[in-house]
Amino acid sequence: METRKKDGTWPSAQLHVMNKKISEEDEDFRGQPGICGLTNLGNTCFMNSALQCLSNVPQLTEYFLNNCYLEELNFRNPLGMKGEIAEAYADLVKQAWSGHHRSIVPHVFKNKVGHFASQFLGYQQHDSQELLSFLLDGLHEDLNRVKKKEYVELCDAAGRPDQEVAQEAWQNHKRRNDSVIVDTFHGLFKSTLVCPDCGNVSVTFDPFCYLSVPLPISHKRVLEVFFIPMDPRRKPEQHRLVVPKKGKISDLCVALSKHTGISPERMMVADVFSHRFYKLYQLEEPLSSILDRDDIFVYEVSGRIEAIEGSREDIVVPVYLRERTPARDYNNSYYGLMLFGHPLLVSVPRDRFTWEGLYNVLMYRLSRYVTKPSSDDEDDGDEKEDDEEDKDDVPGPSTGGSLREPEPEQPGPSSGVTNRCPFLLDNCLGTSQWPPRRRRKQLFTLQTVNSNGTSDRTTSPEEVHAQPYIAIDWEPEMKKRYYDEAEAEGYVKHDCVGYVMKKAPVRLQECIELFTTVETLEKENPWYCPSCKQHQLATKKLDLWMLPEILIIHLKRFSYTKFSREKLDTLVEFPIRDLDFSEFVIKPQNESNPELYKYDLIAVSNHYGGMRDGHYTTFACNKDSGQWHYFDDNSVSPVNENQIESKAAYVLFYQRQDVARRLLSPDGSSGAPASPACSSPPSSEFMDVN
């Protein structure tokens, strides 16, 4: 909907005039070709980053600028996109490299991508590497020189020499796939599978367009917890624990025990959220169920929550703190109860398991921040009279009666459940509230509640027989007078809180070594052994056989497991020049030409942020000037080479040195190999990229 302005003009008309002015300004603008930003259309920074990286691949950009693509458009390829992706990309490259635009709006290209890949429809956040993979595949099929693909049977090595099998595999690949993308980006793997039962070895050679290399993952994680000791004089302690990622809750207790000296058997772990227990963990539960953002409290206890009949162990009671507050209705006659503070797990001895005994235990546990009333504050004059009135007022056991000696109960189907826990509502708490209404000499009242901290325990059959929680209910005036909120919220930091688990930087070569390491297939992805005639968890090893002109290295920063997702912010140290792959390529090498195995960096796609949100940018080296620039959507700034390496590096583009030499010295006049990672102008002209 559009609303006319007070002066009678329409906003869209003004926008049209502004666009016209901008286009006129662009016509007069003369800048460095390729130094052109891309407008963010709404969460499209992932697309802009991928496009800027690809736009700065010299031979691919020259291919489109020289209109070589027009002769190779494949409109009939059923796997392609009728040439539309190639044409849209060509138009974008020509605009960016015209030198007439400070930035351009990639609206047409975005629509084409969404049309052919529905996952990129709309304006959700996506992954730059996923778009890059789609774009390279789409450009390849749109520009495939093979108009009619023939059927090619994949053959195993069957004991033949690697050279022969690799040559056959590459020729078969080229018989179906022949484009500028294959010429520029495709290399060859050697894949070796070994059956664990019969020892059968299967060797195949497969093409690749990019390397997705894993990052060395630490098997430890750091968890921050609050330890609540039983001694009421001690404040809660904040601890920072190093625990195994695939460990159990018991491992957390063992780690905390080393700091506190308290036995792990005397600890209970809880997730506290909004003043209540969100979850009470069992010792065998995995640590992966605890998220980094969870507030984890570890309580020192001397018993268990579900007491066993005949056992002499203390009973652990979950306790909430509540305050009566006037509700916002028209007559203020209704009073609500609001949770506050941190909940407690209180160990109660069986011989003190009475309402009055529980009150005294709680007074002791709260003594650090709850002041006992003086004798002047109490009025004992009518205590006997009050007690007599109380007996008539509220039915149930007296305050001195034991909760372990309930009234005789009719046998029924629930008797087995109630015997298991002597603290159930049905057979133990003759009344759900203490003290009775007219006996108000205590600082607070006690009431059984459910796990949410409300008194409604009849919402479901399961709730009725569940372990009741206890709520300490405060009157506002009593809380203000006797409850020290600042002291209650106080805690101390253990020395370990200052500990920071240092993440040592990783060399890119280490990631490539990890990529070529032998691994065992997962249960979800077994290999069918032709010798055993059954699926096997074989060992697999990938080796590099032939490398492309442009090598794309994708750093697998995003880790996905059944329980968690995380982004690895490890700093990967990668060289700007002379990345040597000679030690990783197993194909017999041409020692007279070492440039075939050395690469120079030409572009980097960066990701800042976490799993849920983030931002993509690009570092790229201009093919004409050799200057590095930082592309942040429609903003472009020159940068120093020493600013390129960061924890945000996500996708790396490397160019083989013999190709760089060929492109920069087409007439062969220059004898020295040229490097795209070029010199830097004075530092005063650069922006500082954080």
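Along each chain, residue indices are assigned from 1 in the same order as the chain's sequence is written. Under the rules for a predicted model, residues below a pLDDT of 70 receive no local features and side-chain atom pairs below 80 are neither given nor counted, while totals for whole chains, interfaces and linings still include all residues. The basis for every side-chain value is the complete set of heavy atoms in the structure, and neither hydrogens nor water enter the calculation.

If you check an unreviewed UniProt entry, the protein chain appears there as Ubiquitin carboxyl-terminal hydrolase from Sapajus apella. UniProt positions are given in the numbering used here, feature names are shortened, and annotations may be inferred rather than shown by experiment. Under Catalytic activity (unreviewed entry), UniProt gives the following word-for-word description of the protein chain: "Thiol-dependent hydrolysis of ester, thioester, amide, peptide and isopeptide bonds formed by the C-terminal Gly of ubiquitin (a 76-residue protein attached to proteins as an intracellular targeting signal)." According to UniProt, the comment filed for the protein chain under the heading Function (unreviewed entry) is "Deubiquitinating enzyme that removes conjugated ubiquitin from specific proteins to regulate different cellular processes."

K.L.:
Could you clarify how one ought to interpret helix α2 (residues 45-55) in this entry?
P.N.:
Because the α-helix completes a turn every 3.6 residues, residues three or four places apart line up on one side. Accessibility here uses a 1.4 Å probe with only protein chains present; expressed as a share of the type maximum, an area under 20% marks a residue as buried, one over 50% as exposed, and anything in between as partly exposed. Each helix is a run of DSSP H or I of at least 4 residues and each strand a run of E of at least 2, with the numbering of both proceeding from the N terminus. Taken across its 11 residues, α2 has 11 buried, putting it largely inside the fold. Every buried residue of α2 is accounted for by Cys45, Phe46, Met47, Asn48, Ser49, Ala50, Leu51, Gln52, Cys53, Leu54 and Ser55.

K.L.:
What is the right way to read the nonpolar core from this model?
P.N.:
Across soluble globular proteins, nonpolar side chains have a tendency to be buried as a group. Grouped together as the largest cluster of nonpolar side chains are 52 residues, with contacts concentrated most on Leu54, Phe64, Tyr89, Phe185 and Phe653. It is helix α4 (residues 84-96) that provides the largest number of residues to this core, a total of eight residues. Residue contacts follow a heavy-atom distance rule, with two residues in contact if any of their heavy atoms lie within 4.5 Å. The contacts of tyrosine 89, once residues within four sequence positions are left out, are Leu51, Leu54, Ser55, Leu60, Phe64, Phe109, Leu135 and Leu139. What we call a nonpolar core is a set of buried Ala, Val, Leu, Ile, Met, Phe, Trp, Tyr and Cys residues that are connected through their side-chain atoms within 4.5 Å. In terms of nonpolar packing, the next biggest core, distinct from the first, is built from 37 residues, Phe208, Ile512, Leu544 and Phe581 among them.

K.L.:
Explain the pairing of strand β22 (residues 539-546) to me, please; I cannot follow it from the model alone.
P.N.:
Regular strands show a simple pattern: their side chains alternate between the two faces of the sheet. At least two DSSP bridges between two strands are required for those strands to pair. As judged from the seven bridges shared by strand β3 (residues 187-194) and β22, these two strands associate in the antiparallel manner. Along β22, the bridge assignment pairs threonine 192 with lysine 541.

K.L.:
Is there a simple way to explain the side chain of asparagine 144 in this structure?
P.N.:
Residue position: asparagine 144 is located in the loop between α6 (128-142) and α7 (162-176). Residue class for asparagine 144 comes out buried when judged on its relative accessible area of 0%. Look past the residues within four positions of asparagine 144 in its chain and what remains in contact with it is Glu72, Asn74, Asn77, Lys149, Arg176, Asn177, Asp178 and Ser179.

K.L.:
What should I look at first to understand the pattern of salt bridges in this one?
P.N.:
When the charged atoms of two side chains with opposite charge come close together, those side chains can pair. Between Lys or Arg on one side and Asp or Glu on the other, a salt bridge is scored when a side-chain nitrogen of the former is within 4 Å of a carboxyl oxygen of the latter. Under the definition given, this model contains 29 salt bridges. When the shortest N-O distance is used, the salt bridge between aspartate 178 and arginine 145 registers 2.9 Å. Of this pair, aspartate 178 sits in the loop between α7 and α8 (180-185) while arginine 145 sits in the loop between α6 and α7, placing them 33 residues apart in sequence. Among the ionic pairs, arginine 234 bridges to glutamate 237, the shortest N-O distance being 2.7 Å. Here the salt bridges do not stand alone but share partners, grouping Glu72, Arg145, Lys174, Asp178 and Asp183 into one network.

K.L.:
So what exactly am I meant to see when it comes to the environment of leucine 41 here?
P.N.:
Its location among the elements puts leucine 41 in the loop between β1 (37-38) and α2. A sequence separation of 69 residues divides leucine 41 from lysine 110, and the C-alpha atoms of the two residues are 8.8 Å apart. Beyond its immediate sequence surroundings of up to four residues, leucine 41 is in contact with Val105, Pro106, His107, Lys110 and Tyr123.

K.L.:
For this particular structure, what's the right way to read the packing of α4 against helix α5 (residues 107-116)?
P.N.:
Each packed pair of helices is defined by two parameters, the angle between the axes and the distance between the axes. Here an axis means a line fitted to C-alpha atoms, over the contact stretch when the element is a helix, while the angle between two N-to-C directions is reported on a 0 to 180 degree scale. One way to put it is that α4 packs onto α5 with a least axis distance of 9 Å and a crossing angle of 160°. Here α4 lies roughly antiparallel to α5, going by the angle between them. Remark: the crossing between α4 and α5 carries left-handed chirality. The segment α4 lies against α5, with Glu84, Ile85, Ala88, Tyr89 and Leu92 engaging Phe109, Lys112, Val113 and Phe116. Residue type decides the class: Asp, Glu, Lys and Arg count as charged, Ala, Val, Leu, Ile, Met, Phe, Trp, Tyr, Cys and Pro as nonpolar, and the leftover types, Gly among them, as polar. Counted by class, the contact of α4 with α5 contains seven nonpolar, no polar and two charged residues. Note that the term roughly parallel is reserved for angles under 35 degrees, roughly antiparallel for angles over 145, roughly perpendicular for angles of 65 to 115, and oblique for everything else. By convention the crossing between two helices is left-handed if the near helix lies anticlockwise of the far one by an angle smaller than a right angle, and right-handed if it lies clockwise.

K.L.:
Explain the packing of aromatic side chains here, please?
P.N.:
The geometry of an aromatic ring pair is captured by two quantities: the separation of the ring centres and the angle between the planes. Ring geometry is summarised as follows: Phe, Tyr and Trp rings, the Trp one being its six-membered ring, pair when their centres sit within 6.5 Å, and such pairs are stacked at plane angles under 30 degrees, edge-to-face over 60 and tilted between the two. Inspection of every chain in the model, using the stated rule, returns 25 aromatic pairs. Their ring planes at 25° and their centres at 5.4 Å tell us that phenylalanine 226 and phenylalanine 297 sit as a pair that is stacked. Here phenylalanine 297 lies in strand β10 (residues 296-300) and phenylalanine 226 lies in strand β6 (residues 220-228), a separation of 71 residues in the sequence. Between tryptophan 474 and tyrosine 483 the ring centres are 5.6 Å apart and the planes differ by 65°, which places this aromatic pair in the edge-to-face class. Summarising the burial analysis for this pair, tryptophan 474 and tyrosine 483 share the class buried. Grouped by ring-pair contacts, the aromatic residues Phe226, Phe277, Phe297, Tyr299, Tyr320, Tyr469 and Tyr491 constitute a single cluster. In this structure, lysine 110 packs its charged tip against the face of tyrosine 123, placed 4.7 Å from the ring centre. Two conditions define a charge located above a ring, namely a distance within 6 Å from the ring centre to NZ of Lys or CZ of Arg, and an angle within 35 degrees of the ring normal. For the cation-ring pair, lysine 479 lies above phenylalanine 340, with the distance from its terminal atom to the ring centre recorded as 4.7 Å.

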